[in-house]
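Chain and residue survey
One letter stands for each residue in the lines below.
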Amino acid sequence: MPDRVPVLAANWKMHKTIEETERFLAEFLPRAPGSGPEVIVCPPFPSLKAAVEHCAQSGVRVAAQNMHEEPEGAFTGEVSAPMLLEIGVDGVIVGHSERRQHFGESDEALARKVPAALRAGLEPILCVGENESQRDSDETEGILTRQIEADLADVPDDRLADVVIAYEPIWAIGTGRTASPDQAQEAIALIRARIESRSAEAAAAVRILYGGSVKPGNASELITQPDVDGALVGGASLDAGDFAAIVEAAA
Ligand code: PGA
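Being a predicted model, the structure only gives us computed values, none of them experimental. (Residues numbered from 1 in each chain as written. Predicted model: local features only at pLDDT ≥ 70, side-chain atom pairs only at ≥ 80, totals over all residues. Heavy atoms only, no water.)

Observations concerning the pattern of salt bridges
Here is the rule we go by: Any carboxyl oxygen of Asp or Glu that lies within 4 Å of a side-chain nitrogen of Lys or Arg is treated as forming a salt bridge with it. We count a stretch as a helix when DSSP gives it H or I for four or more residues in a row; a strand needs E for two or more, and each element gets its number in order from the N terminus. Burial classes: relative accessible area under 20% of the type maximum marks a residue as buried, over 50% as exposed, and values in between as partly exposed (1.4 Å probe, protein chains only).
Per the stated rule, a full pass over the model turns up 22 salt bridges. A salt bridge links Arg61 to Glu38, with the shortest nitrogen-to-oxygen separation between them at 2.4 Å. Separated by 23 residues along the polypeptide, Arg61 in strand E3 (residues 61–64) and Glu38 in strand E2 (residues 38–42) bring together distant segments of the chain. The partly exposed category is assigned to Arg61, whose relative accessible area is 26%. Notably, a salt bridge pairs Arg61 with Asp90, separated by 3.8 Å at the nearest N-O pair. Within this pair, whereas Arg61 is found in strand E3, its partner Asp90 is found in the loop between helix H3 (81–86) and strand E4 (91–94), the two being separated by 29 residues in sequence. For Asp90, a relative accessible area of 26% corresponds to the partly exposed category.

The following block contains the structure:
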């Protein structure tokens, strides 16, 4: 089985101006590891360029929180992969549950976005996860299977391992109610099995993260689960010291 390099990604959502981004990075970068885990910050669009410039001499990479699948066109309010690449962005979060819930991001759109990001040379971080009532009614497996199959349908088997997948149970996002290490492991193993049904090689190599109320105090027990390859961190990633502590827990 190939060694999977852990990924720790900071999803800032709609937080941090350029000035706040620079202040965060001035505190965080000296604590970021020079090697080891892949560390990614995901600021809002206006702060991306400043983040790229500040991270240039570090191993820390920068990703956006959304993109449109077309390179250009009449899509008011949207941003394309070439625009992100031009400013030095490395990756992009797609399918976050907040975008699915509040902005109507569909599996059909994701089926176009994920391969478009890969073709353009961006590392997609694809989020999947069930809500509370789906978990309570034992639909988790079906939901994850449907999302993984639909969202990755047009990604060729030999590129599946270039996608980073984040399992983010909606009931754990921003609620302080973290999935237990067993729940995270079980869901992530299930996602890996879905990938394995297409390619054993990709399943062994693909990084699958856990996200949902990850904090310095619980990061280590989640990340050390056998199938959990890191974390996508929201609230706790807004504080440079907390995010540094989470990265250290994985290193
Ligand atoms: P949270 O968010 O860590 O604040 O729960 C995670 C996410 O939405 O990516």
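Quick notes on the sheet that holds strand E6 (residues 164–167)
Heads up, the rule is: If DSSP finds at least two bridges between two strands, the strands pair. For helices, the axis comes from a line fit to the C-alpha atoms of the stretch in contact; other axes are also lines fit to C-alpha atoms, and the angle between any two N-to-C directions lies between 0 and 180 degrees. Any two residues whose heavy atoms approach within 4.5 Å are treated as being in contact.
Taken in spatial order, the eight strands of this closed barrel run E1-E2-E3-E4-E5-E6-E7-E8, and their pairing is parallel. Going across the sheet, the axis of each strand differs from the next one's by a mean of 25°, ignoring polarity. Summarising the sheet, strand E7 (residues 208–211) and strand E8 (residues 230–233) pair through two bridges and their orientation is parallel. When the sheet's bridge partners are listed, Tyr210 is paired in E8 with Ala231. In this fold helix H7 (residues 140–151) packs onto strand E5 (123–128) and E6, with an angle of close to 150° to the strand it touches most, E5.

Looking at the environment of Pro71
Along the chain, Pro71 falls in the loop between E3 and H3. Classification of Pro71 by relative accessible area gives partly exposed; the value is 49%. Placed 62 residues apart in sequence, Pro71 and Ser133 show a C-alpha to C-alpha distance of 37 Å.

Observations regarding the nonpolar core
Where we set the bar: Remark: nonpolar core denotes a set of buried residues (Ala, Val, Leu, Ile, Met, Phe, Trp, Tyr, Cys) joined through side-chain atoms within 4.5 Å.
Counting residues in hydrophobic clusters, the biggest one holds 68 residues, and the most contacted among them are Phe28, Leu152, Ile165, Ile195, Tyr210 and Phe243. Setting aside its immediate chain neighbours within four residues, Ile195 contacts Ile148, Leu152, Leu160, Ile165, Ala202, Ala203 and Val206. In terms of nonpolar packing, the next biggest core, distinct from the first, is built from 12 residues, Ala9, Ile93, Ile125 and Leu209 among them.

Some words on the site of the ligand
Heads up, the condition is: We call a residue near a molecule or strand as soon as one heavy atom of that residue lies within 4 Å of the molecule or strand. Any N or O atom pair separated by 3.5 Å or less is treated as a polar contact, with the protein-specific requirement of one donor-capable and one acceptor-capable atom, and with residues adjacent in sequence counted only for side-chain atom pairs. Only the protein chains shown count as cover for residues, with accessible areas throughout obtained via the Shrake-Rupley method and a probe of 1.4 Å. Note on residue categories: nonpolar means Ala, Val, Leu, Ile, Met, Phe, Trp, Tyr, Cys or Pro, charged means Asp, Glu, Lys or Arg, and polar means any other residue, Gly included.
The immediate surroundings of the ligand are formed by 13 residues, with Lys13, His96, Glu168, Gly174 and Ser213 found nearest. Separating an oxygen atom of the ligand from a side-chain N or O atom of Asn11 is a distance of 3.4 Å. The separation between an oxygen atom of the ligand and a polar side-chain atom of Lys13 is 2.7 Å. For the ligand, whose free accessible area comes to 280 Å², the fraction covered by protein is 97%. Across the shell around the ligand, the residue classes break down as four nonpolar, seven polar and two charged.

Examining the packing of helix H5 (residues 107–120) against H7
Rules: Comment on the angle field: the value is read as roughly parallel under 35 degrees, roughly antiparallel over 145, roughly perpendicular from 65 to 115, and oblique elsewhere.
Packing of H5 against H7 brings their axes to within 8 Å, and their N-to-C directions diverge by 45°. Judged by the inter-axis angle, H5 sits oblique to H7. Here Asp107, Leu110, Ala111 and Val114 of H5 come into contact with H7, specifically with Arg146, Gln147, Ala150 and Asp151.

Quick word on unusual backbone geometry
Even without being a glycine, Asp138 presents a positive backbone phi close to 60°. Mapped onto the fold, Asp138 is located in the loop between helix H6 (132–136) and H7. Assessed through its relative accessible area of 74%, Asp138 is described here as exposed. The phi torsion at Ser213 lies on the positive side, around 55°, for a residue other than glycine. Mapped onto the elements of the fold, Ser213 is located in the loop between E7 and helix H10 (219–223).

A few points about the environment of Ala205
The residue Ala205 is located in helix H9 (residues 200–205) in this model. The exposure class of Ala205 is partly exposed, given its relative accessible area of 26%. Distance in space between the C-alpha atoms of Ala205 and Asp90 is 19 Å, their sequence separation being 115 residues.

Looking at the packing of aromatic side chains
Convention followed: To pair, rings of Phe, Tyr and Trp, with the six-membered ring standing in for Trp, must have centres within 6.5 Å; the planes then decide the type, stacked if under 30 degrees apart, edge-to-face if over 60, and tilted in the middle.
Enumeration over the complete set of coordinates arrives at four aromatic pairs. Measuring from ring centre to ring centre gives 6.3 Å for Tyr167 and Tyr210, while their planes differ by 55°; the resulting arrangement is tilted. Placement of Tyr167 in strand E6 and of Tyr210 in strand E7 is noted, with a sequence separation of 43 residues between them. Accessibility classification places Tyr167 together with Tyr210 in one group, the buried group. Aromatic rings pair up to connect Trp12, Phe24, Phe28 and Phe243 into one cluster.

These values are about where atoms sit, not about what they do.
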